[in-house]
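Listed here are the chains, written in short residue letters.
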Amino acid sequence: MSLEDEDSIVVKAQKLTEHEGHPQAKDYDEVTQEFMTASIRDYHAHLCAQSPMPNHGQEMALLAASWAKASQVTGMNLTHTPNLLKLITSHGLQVHGKLKAKLRPLVEAMFGFHSSQKALKEGTNFAFKHMAPMEDNQQGFLKALLIQKIINTMWFANKHDKGIMYPEHFKPFPYLTLALVLTAIECCIDEWVMGKWGDISFTMQEYHSVYDSYVKCLQDFDSTTKAVGILPTICSRIYKVGCIHSGASMLTTEPQCKVSVHVIAATIQEHQEGMMTEDKSD
């Protein structure tokens, strides 16, 4: 799969700093840093929205799309190298760890783990606004406060966050990303399975099958309720609440700086009267 854009200026990365360990954008010249920043941000958004747990083929497709987007945004076509590509994909791998790190204290505070972890996971009980041991008493599927809270924290922290800057990916909130959130919550619950906290890595190897089950759950839910559009409504609401949390909604309100026809007419009259007064004084 080609990463080249023939309409852009072809440039080569200049590495200014050599060191052991993983490559970093700051190791390169300013032009390369600008390009890589754009590519990494787009890759992060693409990954979360379209393939939160990608296989190699999906990863390469996302990488090519983000490289092309960065080329379009910067007007440059950076010659790709293995280290530059690794720099982008390594940021993608950090998404899972970052999500879990933000979730862990929220899950502990929200549930307290006075009840059994099994009860939280049965029937995806934790995803309901009103949890209950019996399905007939559960209310508000996918409306649990925890879900919106972690989405706000992860993608809508401020008006420059991914959820705001990439509406083409996050509006409405993607159900695949929602499946990732549910999977991460389950991972955090699993850490308390022994009655006290124990670290569990949130990796694709360990949780890909869990993620797939949540994707299927949401697909089945959407299919069953398609006539009334419940899942699209939920995802649209998640995006809207996220925008409000970020403060970006304040920027989209209708401008208040307006001059009415009445004010314009009055101003014209004042101007004409002022001109006449000046002529008389002369």
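Figured I'd write up the structure that's included with this text.

**A look at the overall build of the protein**
Move 1: Secondary structure assignment for the protein yields eleven helices and four strands.
Move 2: Within the protein, buried positions represent 42% of all 282 residues.

**Structural notes on the pattern of salt bridges**
Move 1: In the structure shown here, the tally under the stated rule is eight salt bridges.
Move 2: A salt bridge links Lys-100 to Asp-199, with the nearest nitrogen and oxygen atoms 2.9 Å apart. You can see Lys-100 sitting in helix H3 (residues 82-111) and its partner Asp-199 sitting in the loop between helix H8 (175-190) and helix H9 (204-224), a full 99 residues away along the chain.

**A short note on the layout of surface pockets**
Move 1: A volume near 200 Å³ is recorded for the largest pocket.
Move 2: Surrounding the largest pocket, Lys-129, Leu-142, Lys-143, Ala-144, Leu-145, Ile-147, Gln-148, Ile-234, Arg-237, Ile-238 and Val-241 form its lining.
Move 3: Secondary-structure elements contributing two or more residues to the lining of the largest pocket are helix H5 (145-155) and helix H10 (230-246).
Move 4: Top contributing element to the lining of the largest pocket by residue count: H10, with four residues.
Move 5: Considered class by class, the residues forming the lining of the largest pocket number seven nonpolar, one polar and three charged.

**Notes on H3**
Move 1: For H3, which comprises 30 residues, the first-to-last C-alpha distance of 44 Å matches the rise-based estimate of 44 Å (1.5 Å per residue) to within 8%.
Move 2: At Leu-103, H3 is deflected by roughly 30 degrees, the largest bend along its length, and proline Pro-105 occurs up to four residues later in sequence.

**Let's talk about the environment of Glu-168**
Move 1: In this structure, Glu-168 sits in helix H7 (residues 167-170).
Move 2: Of the residues examined, Glu-168 reaches a relative accessible area of 48% and is grouped as partly exposed.
Move 3: For Glu-168 and Ala-45, which are 123 residues apart along the polypeptide, the C-alpha to C-alpha distance reads 9.5 Å.

**Remarks on the packing of aromatic side chains**
Move 1: As enumerated under the stated definition, the model contains nine aromatic pairs in all.
Move 2: On the basis of an interplanar angle of 70 degrees and a centroid distance of 6.4 Å, the ring pair of Phe-126 and Tyr-214 is categorised as edge-to-face. Of the two residues, Phe-126 is situated in the loop between helix H4 (117-121) and strand E3 (128-130) and Tyr-214 in helix H9; the sequence distance between them amounts to 88 residues.
Move 3: On the accessibility criterion, Phe-126 (1% relative accessible area) is buried.
Move 4: Taking the relative accessible area as the measure of exposure, Tyr-214 reaches 6% and is therefore buried.
Move 5: A connected cluster of aromatic rings, assembled from ring pairs, spans Phe-128, Phe-141 and Phe-221.

**Brief notes about the packing of H9 against H10**
Move 1: Axis separation between H9 and H10 bottoms out at 7 Å; the angle between their running directions is 120 degrees. In this structure, H9 contributes Leu-218, Phe-221 and Asp-222 to the contact, and H10 contributes Ile-230, Leu-231, Pro-232 and Ile-234.
Move 2: Here the residues of the contact of H9 with H10 are counted per class, giving six nonpolar, no polar and one charged.

**Structural notes on unusual backbone geometry**
Move 1: Of note, the amide linkage connecting Lys-171 to Pro-172 takes the cis form, showing an omega dihedral of -5 degrees.
Move 2: Position of Pro-172 relative to the elements: it lies in the loop between H7 and H8.
Move 3: In the Ramachandran plot, Leu-142 falls in the positive-phi region, its phi being about 70 degrees despite a non-glycine side chain.

**Description of the side chain of Thr-183**
Move 1: Tracing the chain through its elements places Thr-183 in helix H8.
Move 2: For Thr-183, a relative accessible area of 0% puts it in the buried group.
Move 3: Of the polar contacts made by the side chain of Thr-183, one reaches the backbone oxygen of Ala-179; its length is 2.7 Å.
Move 4: Apart from the residues within four sequence positions on either side, Thr-183 is in contact with Met-53, Phe-202, Tyr-207, Val-210, Tyr-211 and Tyr-214.

Thresholds, definitions, all that
- Residues numbered from 1 in each chain as written.
- Predicted model: local features only at pLDDT ≥ 70, side-chain atom pairs only at ≥ 80, totals over all residues.
- Heavy atoms only, no water.
- Helix = DSSP H or I, 4+ residues; strand = E, 2+ residues; numbered from the N terminus.
- Buried < 20%, exposed > 50% of the residue type's maximum accessible area, 1.4 Å probe, protein only.
- Salt bridge = Lys/Arg side-chain N within 4 Å of Asp/Glu carboxyl O.
- 1 Å grid on protein atoms, 1.4 Å probe; cavity = no way out; pocket = protein on both sides within 12 Å on 5 of 7 lines; lining within 4 Å.
- Points joined across faces, edges and corners; volume = space filled by probe spheres on them.
- Nonpolar A, V, L, I, M, F, W, Y, C, P; charged D, E, K, R; others polar.
- Expected span 1.5 Å × (residues − 1).
- Bend = angle between axes of the 7 residues up to and from the residue.
- Phe/Tyr/Trp six-rings, centres within 6.5 Å; stacked < 30°, edge-to-face > 60°.
- Axes fitted to C-alpha atoms, helices over the stretch in contact; angles between N-to-C directions.
- Contact = heavy atoms within 4.5 Å.
- Polar contact = N/O pair within 3.5 Å; in protein donor to acceptor, adjacent residues only side chain to side chain.

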